Amino acid sequence: MATSSRRVVITGMGALTPIGSDLAAIWQALCDGRSGVAPFRAFDVSRLPCRIGGEVPDFSPRKALNRADPRENAALKGMKMMARTIQLALVASKFAMADAHAAPGAIEPSRFGLEFGATMISVEVDDLMEASRLSSTGAVGQVDLKVWGREGIPKIEPLWMLKFLPNMPACHISILHDAQGPSNTITEGEVAGLMAISEAVRILRRNDADFFLTGASDSKMSLLSMSRHSLFLSLTKRNDDPQRAVRPFDRQRDGTVIGEGTGILAVESLEHAQKRGARIRAEIVGHGGAFDVRRDGTGLATAIRAALQLANIAPGDVDFISAHALGDPELDRIEARAIAQVFGVGESAPVVFATKGWTGYLGAAAGPIELVFTLLAMEHGQLPGSINCENLDPECPVRVHTGGLRPIQKPYVLKVGYTDMGQCAAIVLRRFDK
Amino acid sequence: MNTHRRRVVVTGKGAITPLGHNVEQLYDAQIHGRSGIAWIRNFEASTFPTRFAAEVKDFRLSDHLPNADRWRHAGPNTHFALVAAKEAIADAAIPAGIDRTRFGVYLGNGDGSNDFPNLISAIARAAKPPETRTNPNEFFDAALTSFQPGHEYELEMHTTAGRLAQIHDLPGPNYTCQTACAASSQAIGEATEIIRSGEADLILSGGAHSMIHPFGVTGFNLLTALSTNNDAPTRASRPFDLNRDGFVLGEGAGIVVLEELEHAKRRGAKIYAEIAGYGTTADAYRVTDSHPDGRGAIACIQMALRDSGLPPTAIGYINAHGTSTQVNDRVETLAIKKVLGEHAYRTPVSSNKSMMGHLISAAGVVELIISVMCLQKHILPPTINYETPDPECDLDYIPNVAREKRVEHILSNSFGFGGQNISLVISRFKD
């Protein structure tokens, strides 16, 4: 059976990021080294320890979706029952379909799948305001559950829970685009998006679908999410210098900032893409996953080797590596060591592209958004210099490319991802030549 | 079907459920028709619209694991997963010396439960009348001083699969998915595909969940999805019965060891069953309702059968999703009849949820484990509380009393809130 030889290509992308929501603007910000990290505007955060972050600017579902289209209009009407993570996802899915030149109805619904990444989506505290006032006793941590059950519950919107279930981005996107094929939501922390894309590739290869929207969405711009992540993420103290705050692999790095965004790719079998005359942005030739049991980078090295092996290439074939690199003192070091395990440390090792300086932490959406950055670089044939890595940490044995645009010469690019727990993911892209 | 592809078998299983702390207790309760549903004890629920659920009884982590205090920040889902994984790994008797980089994890997992009392009191302190919105900084002050960082971190869904990989040394691919009630079946299906594709030889798969907490019951009550039969909790879950009025929440975990066939044979493993077919589709219809004609469910069952290479007539028992909601049970019956045709009327169907409630993300794997036990013990569990036939649900639901029957192939369905449909075909292993 020929399924294992089915090739998988990327034919569209949509992204909403702290450095812009159209591809030209994103590329310009990457070339200019202009970070999207700034003081938070979503609400007054003066009492949070970290008061800067990467917000998606000027996000407006009303501007992005078309009222005259019945499906888009239904999505707009449903927006009030969608957390911001879901709203961002719906809009980016439209961008990805438009970029793929896939008109409504152009993809056979039963062969149209969704593989999406998400993390926990927090409740909106305002939705629980009335119920909380009624049932709180006034003492810290004291709630009268009898009052909550009797008087609190009726004060909450009937569809409240649907606003934040993690599979709701995929659910709403499937309805908007009539995608009735395989559908999954991967909730694997910061590698969720990359793992979702890997799973889409696997499904396309085994011929259970022809076309996927795949990627991830993540926003922490709610009071509860901001509080929770302020408690367990390692965040920078550089509130006064947002542009230079997140410093992957730099000796002075001291943590990340909370960002948000969505990246969605249209991914399909080569045969399907060629049949419909799609423009092919790149080919996905390898993927790998692993777990870093000892947190020394061995797991990430395993994932990278698995991806290179599936791609059937040697480390020397890789032009550059798009890193995960949060700017976290410990995790950046582990990641760098993993890269060095596979590629060595000399001049022959591929350069590293680290982009969290532009965006901060992106949760599940990190991988897909950074793949969009990577695809833009591949198409321009030029790699922008990573920002804020001014003094490379000698503990991070990688060659970070800084400064101006660098010509891309080799056809293969590696994307990696890493979680605080130790989950690792790697994806290999190839420039598409007919 | 690709006859050359790698085959995937079940070589270990573990479960902690409302019907006991291991697989044997679970299956024994199932075939004796014992209900695990009772008044909620996890929290004070006496004024909630629904006051009962199927809780895991007498659970203390320290009875199962040394150093239980190490997991004090983790949610009940992780606690349950740790216990079920311990049973599954012991059952699989995996020898030292295997290539551990080929051993991964794939869970369908829920989140831990929010710090309800501290969250509600933080909102109340930050939203004092006459304010119409919560004051951000008042809320941050309250949250940052009362929340436990360790607990907040362990709420995240990927932590459970990470903890299992850490304590059992599983450096292979590590996945978590969350497709509501379909999650652990989907995890097993996709884990099977990872092994088939050659990316791993062994995967610890399944799922864990508890939504028997104030937010879980509040949310499902608001959606009017739960039974409110507070007068007779043990009779509340009545799948396919005319008078069903919603599902009953359960909790727990099920874990299986999935293994590539040749790998299992080489090490002389006990082979319990084969994962022969997997189907996955989406309704793409509505957020709250499944498609009335069962469009997605039909395509899903057909896909699983196609993947198994079996004709519909080969199916000897259907382990239904059978939630006991009006819509699910009607649509699922419709889909079974559409795919199996006349054979549907000759095929026994039952819902394990009639006894153990709905384990949400963990439901699918626990039902798969029960199905595997059916292949071994030749006794099919009944649907209890089946009293009044529904004209729209006219199949053989194994009413109230277990049935002796040797079957070769079982279909297990899981349909998730939000439209994700999963079907698995589980077969007696034949070389």
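Residues numbered from 1 in each chain as written. Chains lettered and ligands numbered in written order. Predicted model: local features only at pLDDT ≥ 70, side-chain atom pairs only at ≥ 80, totals over all residues. Heavy atoms only, no water.

Draft legend 1. Expanded view of the overall build of chain B. Secondary structure summary: chain B contains 13 helices and 14 strands in total. For a compact globule of 431 residues, the expected C-alpha radius of gyration is about 22 Å, and chain B comes in at 21 Å, within 12% of that figure. The 431 residues of chain B split such that 69% are buried. Put simply, 78% of the contacts in chain B that link residues at least 6 apart link residues at least 24 apart. (Helix = DSSP H or I, 4+ residues; strand = E, 2+ residues; numbered from the N terminus. Rg over C-alpha atoms; globule rule 2.2 N^0.38 Å. Buried < 20%, exposed > 50% of the residue type's maximum accessible area, 1.4 Å probe, protein only. Contact = heavy atoms within 4.5 Å.)

Draft legend 2. Quick peek at the domain arrangement of chain B. Residues and elements named next belong to chain B. Each domain of chain B was delimited in the assignment, giving domain 1 (9–113 + 154–427) and domain 2 (116–153). Of note, the centres of domain 1 and domain 2, computed from C-alpha atoms alone, are 36 Å apart. Counting residues at the interface gives 10 residues for domain 1, matched by eight residues for domain 2. Our enumeration of links across domain 1 and domain 2 arrives at zero salt bridges. Our count for the contact surface shared by domain 1 and domain 2 stands at seven residue pairs in polar contact (both at pLDDT 80 or more). Breaking the side of domain 1 that touches domain 2 down by element, the ones donating at least two residues are helix H6 (158–168) and helix H8 (214–222). Here the residues of the side of domain 1 that touches domain 2 are counted per class, giving three nonpolar, four polar and three charged. (Domains from an automatic or database assignment. Salt bridge = Lys/Arg side-chain N within 4 Å of Asp/Glu carboxyl O. Polar contact = N/O pair within 3.5 Å; in protein donor to acceptor, adjacent residues only side chain to side chain. Nonpolar A, V, L, I, M, F, W, Y, C, P; charged D, E, K, R; others polar.)

Draft legend 3. Seen up close, the packing of aromatic side chains. Applying the stated criterion to the full structure yields 16 aromatic pairs over all chains. Both rings, one in tryptophan 148 of chain A and one in phenylalanine 215 of chain B, keep their centres 6.3 Å apart while their planes meet at 70 degrees; by these two values the pair is edge-to-face. Here phenylalanine 215 of chain B lies in helix H8 and tryptophan 148 of chain A lies in helix H6 (residues 145–152), a pairing that spans two chains. Each member of the pair, tryptophan 148 of chain A together with phenylalanine 215 of chain B, is buried. Measuring from centroid to centroid gives 5.4 Å for tryptophan 160 of chain A and phenylalanine 215 of chain B, while their planes differ by 50 degrees, and the two rings are tilted. Placement of tryptophan 160 of chain A in the loop between H6 and helix H7 (168–177) and of phenylalanine 215 of chain B in helix H8 is noted, with the two residues assigned to different chains. Site record: aromatic cluster; members linked through ring pairs are Trp148, Trp160 and Phe164 of chain A together with Phe116 and Phe215 of chain B. (Phe/Tyr/Trp six-rings, centres within 6.5 Å; stacked < 30°, edge-to-face > 60°.)

Draft legend 4. A look at the confidence of the model for chain B. A residue-level look at chain B finds 99% of positions with pLDDT of 70 or above and a mean pLDDT of 97. This complex was scored by the predictor with a pTM of 0.98 and an ipTM of 0.98. (pLDDT = per-residue confidence, 0-100.)

Draft legend 5. Spotlight on the nonpolar core. Within the largest apolar cluster, 135 residues are counted, with the highest numbers of intra-cluster contacts made by Trp148, Leu213, Phe249, Ile304 and Phe343 of chain A together with Phe139 and Leu249 of chain B. If you tally residues by element for this core, the top one is helix H4 (residues 84–99) of chain A, at eight residues. In contact with leucine 249 of chain B, other than residues within four places in its own chain, are Ala53, Ala54, Met211, Ile212, Gly216, Val217, Phe220, Leu226, His358 and Ile360 of chain B. Counting residues in each nonpolar core, the second largest holds 101 residues, with Leu258, Ala362, Ala363 and Cys374 of chain B among its members. (Core = buried A, V, L, I, M, F, W, Y, C linked by side-chain atoms within 4.5 Å.)

Draft legend 6. Representation of the interface of chain A and chain B within the structure. Taken together, the contact pairs 84 residues of chain A with 93 residues of chain B. Roughly 7600 Å² is buried in total at the junction of chain A and chain B, and carbon and sulfur atoms are behind 64% of that figure. Joining chain A to chain B, the criterion identifies eight salt bridges. One salt bridge connects glutamate 199 of chain B with arginine 202 of chain A, and the closest N-O pair in it is separated by 2.9 Å. Across the chain A-chain B interface, the total number found is 37 residue pairs in polar contact (both at pLDDT 80 or more). Going through the elements one at a time, helix H5 (129–135), H6, H7, strand S5 (183–186), helix H8 (192–205), helix H9 (223–232) and strand S8 (282–291) of chain A are the ones with two or more residues in the side of chain A that touches chain B. Sorting elements by how many residues they give to the side of chain A that touches chain B places H9 of chain A first, with eight residues. For the side of chain A that touches chain B, the per-class residue count stands at 42 nonpolar, 26 polar and 16 charged. (Buried area = accessible area lost by both parts, 1.4 Å probe.)

Draft legend 7. Main features of the side chain of serine 354 of chain B. All names here are of chain B. Assignment of secondary structure puts serine 354 in helix H12 (residues 353–356). Separated by 2.9 Å, the side chain of serine 354 and the backbone oxygen of serine 351 make a polar contact. Those residues in contact with serine 354, other than ones at most four positions away along the chain, are Ile37, Ser237, Pro239, Pro382, Thr383, Ile384 and Asn385.

Draft legend 8. Region of the structure containing the domain arrangement of chain A. Split into domains, chain A comes out as domain 1 (8–124 + 160–275), domain 2 (126–155) and domain 3 (286–430). For domain 1 of chain A and domain 2 of chain A, the distance between their C-alpha centroids amounts to 33 Å.

Draft legend 9. Region of interest: the pattern of salt bridges. Residue and element names in this part refer to chain A. Taken as a whole and assessed by the stated rule, the structure comprises 66 salt bridges over all chains. Between glutamate 260 and arginine 84 there is a salt bridge, with its nearest N and O atoms 2.7 Å apart. Separated by 176 residues along the polypeptide, glutamate 260 in strand S7 (residues 258–269) and arginine 84 in helix H4 bring together distant segments of the chain. Classification of arginine 84 as partly exposed rests on a relative accessible area of 26%. Salt-bridge contacts for aspartate 127 lead to lysine 163; the nearest nitrogen and oxygen are separated by 2.7 Å. Taken together, the residues aspartate 127 in the loop between strand S4 (112–117) and H5 and lysine 163 in the loop between H6 and H7 connect sequence positions 36 residues apart. Note on lysine 163: relative accessible area 11%, which makes it buried.

Draft legend 10. Summary view of the packing of helix H7 (residues 183–197) of chain B against helix H13 (residues 363–377) of chain B. Residues and elements named next belong to chain B. As a packed pair, H7 and H13 sit with axes 5 Å apart at the nearest point and diverge in direction by 65 degrees. In terms of their interaxial angle, H7 and H13 are classed as roughly perpendicular. For the pair H7 and H13, the contacting residues are Ser184, Ser185 and Ile188 in the first and Ala363, Gly364, Val365 and Leu368 in the second. Its residues placed into classes, the contact of H7 with H13 shows four nonpolar, three polar and no charged. (Axes fitted to C-alpha atoms, helices over the stretch in contact; angles between N-to-C directions. Parallel < 35°, antiparallel > 145°, perpendicular 65-115°, else oblique.)

Draft legend 11. Representation of the pairing of S5 of chain A. All names here are of chain A. Residues of S5 alternate between two faces, with Ser183 and Thr185 on one and Asn184 and Ile186 on the opposite face, all of them buried. Where S4 and S5 come together, four bridges link them in parallel fashion. Paired with glycine 117 across the strands is isoleucine 186, a residue of S5. (Pairing = 2+ DSSP bridges.)

Draft legend 12. Inspection of the packing of H4 of chain A against H7 of chain A at higher detail. All names here are of chain A. The geometry of H4 relative to H7 is characterised by a closest axis approach of 9 Å and an angle of 40 degrees between their N-to-C directions. When the interaxial angle is binned, H4 and H7 end up oblique. Handedness of the crossing formed by H4 with H7: right-handed. Side by side, H4 and H7 meet where Ile86, Ala89, Leu90, Ser93, Lys94 and Met97 of the first sit next to Met168, Pro169, His172, Ile173, Leu176 and His177 of the second. When the residues that make up the contact of H4 with H7 are grouped by side-chain class, the tally is eight nonpolar, three polar and one charged. (Left-handed = near helix turned anticlockwise from the far one by under 90°.)

Draft legend 13. Focus on the environment of arginine 430 of chain A. Residues and elements named next belong to chain A. Among the structural elements, arginine 430 can be located in strand S14 (residues 423–430). Among the residues examined, arginine 430 registers a relative accessible area of 14% and is labelled buried. Taking C-alpha positions, arginine 430 is 5.5 Å from proline 411, a pair spaced 19 residues apart along the chain. With residues up to four places along the chain from it excluded, the contact list for arginine 430 reads Arg7, Ala282, Glu283, Val285, Met378, Pro411 and Tyr412.

Draft legend 14. Representation of the side chain of aspartate 91 of chain B in the model. All names here are of chain B. Tracing the backbone shows aspartate 91 in helix H2 (residues 76–92). Taking the relative accessible area as the measure of exposure, aspartate 91 reaches 18% and is therefore buried. Ignoring anything within four residues of it in the chain, the contact list for aspartate 91 reads Thr11, Gly12, Lys13, Lys270 and Tyr272.

Draft legend 15. The arrangement of H6 of chain B in detail. Residues and elements named next belong to chain B. For H6, a buried count of nine out of 11 residues is recorded, marking the element as mostly surrounded by other parts of the structure. All buried positions along H6 are accounted for by His158, Thr159, Thr160, Ala161, Gly162, Arg163, Leu164, Ala165 and His168. Among the residues trailing H6, aspartate 169 stands out with phi positive, at a value near 55 degrees.

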